[in-house]
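Residue-level structure breakdown
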Amino acid sequence: MSRIIELVAEPRTESGTSSARAVRLSNKIPAVIYGLKKENESFSVSYNDVIRALSKPGFLTHLFDLKISGKTQKAIVKDMQFHPVTDQPIHIDFQRVDNKTPIAMSVPVKLINHEKSPGVKRGGKLNVVMHRLNVICKADNIPEYIFVDIGHLSGGERVSLNQVVMPEGVELGVNSQPTVCTLIKGRGAKDAEESEESAATTEEA
């Protein structure tokens, strides 16, 4: 389960471009929260608090406790806008969540057991096709990563979606590709194969 980040928010009564600009000039980021059949709420959060949270892995898979007007609302980040030049965050969309309703999440993939892979040992090159996987789970089951075991891979093999072991309480959602990663044969693998063929030919002779 991902950790929970607490953010103190200030309600916003005004909207529009000029209002959002004024919020940013005060070192805050305009934001909105919606979902669970409740009204949308506009607010702002500290720029520095968001930057600190962004500096840690898994920002988009963390749960947030948003304290707005003295009330705490549990939420996830649904969308985040960045400035096209400075790459600084300029707006955040939060979605309310509870522990009853399944939600769709995009979770980063983390490959494990490189050192056990015969193909990697022979110099094979990993090609990661999907860096994130779409999953469905409840808020208290959001994983920080989906771990993909590549310890069995030899050169020319792949890990497909149906081979990925999902954490308990997490289901695979709809993904655009059937392949998570492939292992391309390296020169070492080719040399090893040629050596084996050569040895076999010598023994037959």
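To start, this report covers the structure provided alongside it. (Residues numbered from 1 in each chain as written. Predicted model: local features only at pLDDT ≥ 70, side-chain atom pairs only at ≥ 80, totals over all residues. Heavy atoms only, no water.)

Around the barrel, which closes on itself, the six strands sit in the order β1-β3-β2-β6-β5-β4 with mixed pairing between neighbours. When strand polarity is set aside, the average angle formed by the axes of neighbouring strands in this sheet is 45 degrees. Pairing of strand β4 (residues 63-68) with strand β5 (residues 71-82), which is carried by five bridges, proceeds in the antiparallel orientation. The residue of β5 that forms the bridge with Phe64 is Ala75. Most of the contacts of helix α1 (residues 17-25) go to strand β2 (residues 28-35), to which it runs at about 125 degrees, and overall it touches β2, β3 (38-46) and β6 (89-96). Together, β1 (4-11), β2, β3, β5 and β6 form the strand contacts of helix α2 (residues 47-54), whose direction differs from that of β3 by roughly 90 degrees. (Pairing = 2+ DSSP bridges. Helix = DSSP H or I, 4+ residues; strand = E, 2+ residues; numbered from the N terminus. Axes fitted to C-alpha atoms, helices over the stretch in contact; angles between N-to-C directions. Contact = heavy atoms within 4.5 Å.)

The subject of this paragraph is unusual backbone geometry. Residue Asn27 is not a glycine yet carries a positive backbone phi of 65 degrees. Looking at the secondary structure, you find Asn27 in the loop between α1 and β2. Backbone geometry at Ser69 places phi at a positive 55 degrees, although glycine is not the residue there. Secondary-structure assignment places Ser69 in the loop between β4 and β5.

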